[in-house]
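# Architecture at a glance
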Amino acid sequence: MSDDALRPPPRELPERQRQALHRAERLCWWTLLWMSLVSALMFAAMGGSQAMKTALVEDLLSLVPAIAFLVASRFRRKGVDAEYITGRERAFDINFLISAVALAGVGLALVYDGLHTLLTATRPVVGSIVVAGHVIWQGWVMIAALAVSAVPPIILGRKKLKLARQLSLKPLHTDADMGKADWMTALAGIAGVAGIGFGLWWADAVAALVIAGSILHDGASNLRGAVRDLHDARPQELERDAPDPLPDRLCAEISALPWMDGCAVRLHEEGFHLSGIVLLHNRTLTAAQVEEVRAIAQALDWRLDQIDVSIRTSDQP
């Protein structure tokens, strides 16, 4: 039997985090419902506006992270078996990568489409429609649809952000940030449609480029983060603006042991958890000392999981 097969299964989430995960799943289902309705509204109102078409694509793309999250959560619940001997904790990392690739690819295509529209001077056509016997400019309908489209993602994004902090889950945090920033997409689309009304045909294409650029930026930054996590790089905080303080906390707790000569930790992210190795400077270790170190790791934070303990040799960095 291999050493990996002897490793204990991943730690179960604490009750508070389990409840937060269930709430996150429900929010993803609500995201699918509301953003599907918003996408239908945008499709019905978009007319010939390039900015509206790009905003519609972004609304459709917002379904991808929610779907990927639900699939990853279901896959993770299957736990340990003969094929996945250490569990399925990295399901959310793969979910993050899928969402990032989708965003980056579509964002790149939309930037190209927006540039082509602008450089070829393709003028959008926004006509009039009859509502209750009154003829009105279709642009007003577009502006109303754009304003409505910003509301659900902002509300859902704020709720997801709170849960992402409880779960320390970067894919959910990124999804929440994208939702909260959706008002910028709506504002750019409204500016583009208003520009058409003032006879500025290029305003629509510029607005589409702004929205496409935002999608591409989100996709590229998420892709960089997803690849970094899958390469087991040093853990970062949710906002990815600083290293995660948990490895240093763990090292400080272990170094405080009276028999300890010093230590170093090498941790990486696996979904909710941090796993890795604790390297001790001691030349010899008893079984009781190894268990004491592992007990400290288990008690310090619910995110610490699969912590191996070994002696640090002179040739290790």
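Residues numbered from 1 in each chain as written. Predicted model: local features only at pLDDT ≥ 70, side-chain atom pairs only at ≥ 80, totals over all residues. Heavy atoms only, no water.

Before going further, it helps to spend a moment on the packing of aromatic side chains. The relation between two aromatic rings is expressed through the spacing of the ring centres and the mutual angle of the planes. Inspection of the entire model under this criterion finds two aromatic pairs. Geometrically, the ring pair formed by phenylalanine 69 and phenylalanine 92 is tilted, given 5.0 Å between the ring centres and 45° between the ring planes. You can see phenylalanine 69 sitting in helix H4 (residues 63-76) and its partner phenylalanine 92 sitting in helix H5 (residues 91-119), a full 23 residues away along the chain. No difference in accessibility class separates phenylalanine 69 from phenylalanine 92, as the two residues are buried. Ring geometry for phenylalanine 92 against phenylalanine 272: centres 5.2 Å apart, planes inclined by 70°, an arrangement best described as edge-to-face. Within this pair, whereas phenylalanine 92 is found in helix H5, its partner phenylalanine 272 is found in the loop between strand S3 (263-270) and strand S4 (273-280), the two being separated by 180 residues in sequence. (Phe/Tyr/Trp six-rings, centres within 6.5 Å; stacked < 30°, edge-to-face > 60°. Helix = DSSP H or I, 4+ residues; strand = E, 2+ residues; numbered from the N terminus. Buried < 20%, exposed > 50% of the residue type's maximum accessible area, 1.4 Å probe, protein only.)

This part covers the pairing of strand S5 (residues 304-311). Of the strand pairs in this sheet, S4 and S5 are connected by six bridges, and their pairing is parallel. Directly across from leucine 280, in S5, lies its bridge partner isoleucine 311. Traced from S4 through helix H12 (residues 287-300) to S5, the parallel crossover comes out right-handed. (Pairing = 2+ DSSP bridges. Right-handed = clockwise from strand over helix to strand, strands pointing away.)

This paragraph deals with empty space enclosed by the protein. Counted under the stated rule, the structure contains five cavities of 30 Å³ or more. The computed volume of the largest cavity comes to approximately 170 Å³. The wall of the largest cavity is formed by 16 residues, among which Ser62, Pro153, Asp175, Met178 and Gly179 lie closest to the centre. Of the residues that constitute the lining of the largest cavity, the class distribution is seven nonpolar, four polar and five charged. Of the volumes computed, that of the second largest cavity is approximately 100 Å³. Surrounding the second largest cavity, 13 residues form its lining, Pro65, Asn95, Ser99, Pro171 and Asp175 being those nearest its centre. Looking at the lining of the second largest cavity, the elements with two or more residues in it are H4, H5 and helix H8 (170-180). Split by residue class, the lining of the second largest cavity holds eight nonpolar, four polar and one charged. (1 Å grid on protein atoms, 1.4 Å probe; cavity = no way out; pocket = protein on both sides within 12 Å on 5 of 7 lines; lining within 4 Å. Points joined across faces, edges and corners; volume = space filled by probe spheres on them. Nonpolar A, V, L, I, M, F, W, Y, C, P; charged D, E, K, R; others polar.)

By themselves, these figures tell us nothing about what the structure is for.
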